[in-house]
Amino acid sequence: MILTLTLNPSLDRTIEVSSLDRGTVIRAAAARLDPGGKGVNVSRALLANDVASCAVVPYGGDEGRRLIGLLSAEGLDMVTVPVRGATRSNVTLAEPDGTITKINEPGTALSAAELDTIAEAVLSAAHSADWVVASGSLPPEVPPDVYARLCERFSSAGIHVAVDTSGPALLAALAAGPALVKPNREELAEATGMPITRMGEAVEAAEKLRAAGARAVLASLGADGAILVTDGAVRYGECGVDEPRSTVGAGDAMLAGFLAAGASGERALVEALAWAAAAVGLPGSRMPHPCDIHRDRVLLRPFDPSMPLGATTL
Ligand SMILES: Nc1ncnc2c1ncn2[C@@H]1O[C@H](COP(=O)(O)OP(=O)(O)OP(=O)(O)O)[C@@H](O)[C@H]1O
Ligand SMILES: O=P(O)(O)OC[C@@]1(O)O[C@H](CO)[C@@H](O)[C@@H]1O
């Protein structure tokens, strides 16, 4: 079983616009609402592919109740923790050429008592977990070492921890020795202070994250695919998408596919790339089902350090 923790979940509203003209009234072509937050999406992708998962989800206010309603309608196995502050809403503006503009609210602060309750919920749900996934940004005032402390706790109990976050929370988590981190290109650059313009720099940055404590690094590089850097091996692959609809949540689908396939080696990388590409082909932060996933489109290639990386995407 894969347990996910999302300290800062969201309602994800996707608004399709024909163009984005600042300072004008824009009439939207369509809109959709998805449950969101990185760990929540990992659990949704696992559920869609019949892999056992449970999501720990703090929620508050009308938005929080709506979030839990949407997740219940999907049939997600959850431990919900009521908190005082309202759950945030994140907005994606999607243009016809695939350009995405995303506005993420900061979320509302969690008190020390609320954090303790959430940690207890994670600890009691983790008894049957093989992996704990700590994903997404931290709400305001949450100490940056919160994922690091979870990591220490679970690693000593023999439960693997995967972390997908950014900034100080990622740096603190690295020092606690997570089994896996899943940075995107911006997070790799931010965590290492290196510009990432070529594949060789991405691998070098991933090695720095390993030197800082992560055992394996699955780095997502947008349309350029992903690298898996482990002890003694660098693997690279990509997967084309016929008609990209939304990259939002593609990294979460990638992490879910990787864990579902055993979290190591080529097979897990193929699965990660196939799930991520499938998510890119779906609107909003919809997670892929088996019928959306095409493993035969994945190409694993020898890694070329001089390969330039394209423009970054969200
Ligand atoms: N335009 C694209 N075409 C094909 N595959 C893509 C494209 N964009 C993303 N992907 C796939 O999705 C994976 C994850 O994308 P990205 O690096 O943008 O993750 P992310 O920033 O963590 O996403 P999110 O935080 O929204 O989940 C990439 O490694 C790649 O495999
Ligand atoms: O603000 P964070 O926590 O970094 O990211 C939150 C978020 O952008 O991540 C998911 C996609 O990965 C969305 O469902 C959600 O809106």
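Residues numbered from 1 in each chain as written. Chains lettered and ligands numbered in written order. Predicted model: local features only at pLDDT ≥ 70, side-chain atom pairs only at ≥ 80, totals over all residues. Heavy atoms only, no water.

As recorded by an unreviewed UniProt entry, the protein carries the name 1-phosphofructokinase and is attributed to Nonomuraea mangrovi. Taken verbatim from the UniProt record of the protein, the Catalytic activity (unreviewed entry) comment is "beta-D-fructose 1-phosphate + ATP = beta-D-fructose 1,6-bisphosphate + ADP + H(+)". Word for word, the UniProt comment on the protein under Sequence similarities (unreviewed entry) is "Belongs to the carbohydrate kinase PfkB family." (UniProt positions renumbered as here; feature names shortened; annotations may be inferred.)

Taken together, 15 residues lie around ligand 2, and Asp12, Asn90, Lys102, Ser137 and Asp252 are the ones closest in. Taking Asp12, its side chain carries an N or O atom lying 2.5 Å from an oxygen atom of ligand 2. Contact distances for ligand 2 include 2.7 Å between an oxygen atom and a side-chain N or O atom of Lys102. Within the complex, 89% of the 410 Å² of free accessible area of ligand 2 lies under protein. Elements that contribute at least two residues to the shell around ligand 2 include exactly β2 (10-16), α1 (38-48) and β6 (88-94). By residue class, the composition of the shell around ligand 2 is 1 nonpolar, 9 polar and 5 charged. (Near = heavy atom within 4 Å. Polar contact = N/O pair within 3.5 Å; in protein donor to acceptor, adjacent residues only side chain to side chain. Areas by Shrake-Rupley, 256 points an atom, 1.4 Å probe, with all protein chains shown as cover. Helix = DSSP H or I, 4+ residues; strand = E, 2+ residues; numbered from the N terminus. Nonpolar A, V, L, I, M, F, W, Y, C, P; charged D, E, K, R; others polar.)

Moving on: the pairing of strand β5 (residues 78-82). For strand β4 (residues 53-59) and β5, the ladder comprises 5 bridges, and the chain directions are parallel. Residue pairing for β5: Pro58 is matched across the bridge by Val81. A crossover connection joins β4 to the parallel β5 through helix α2 (residues 61-74); in handedness this β-α-β unit is right-handed. (Pairing = 2+ DSSP bridges. Right-handed = clockwise from strand over helix to strand, strands pointing away.)

With 16 residues, helix α9 (residues 265-280) should reach 22 Å at 1.5 Å per residue; the first-to-last C-alpha distance of 23 Å fits that figure. With 14 of 16 residues buried, α9 is to be regarded as a mostly interior element. (Expected span 1.5 Å × (residues − 1). Buried < 20%, exposed > 50% of the residue type's maximum accessible area, 1.4 Å probe, protein only.)

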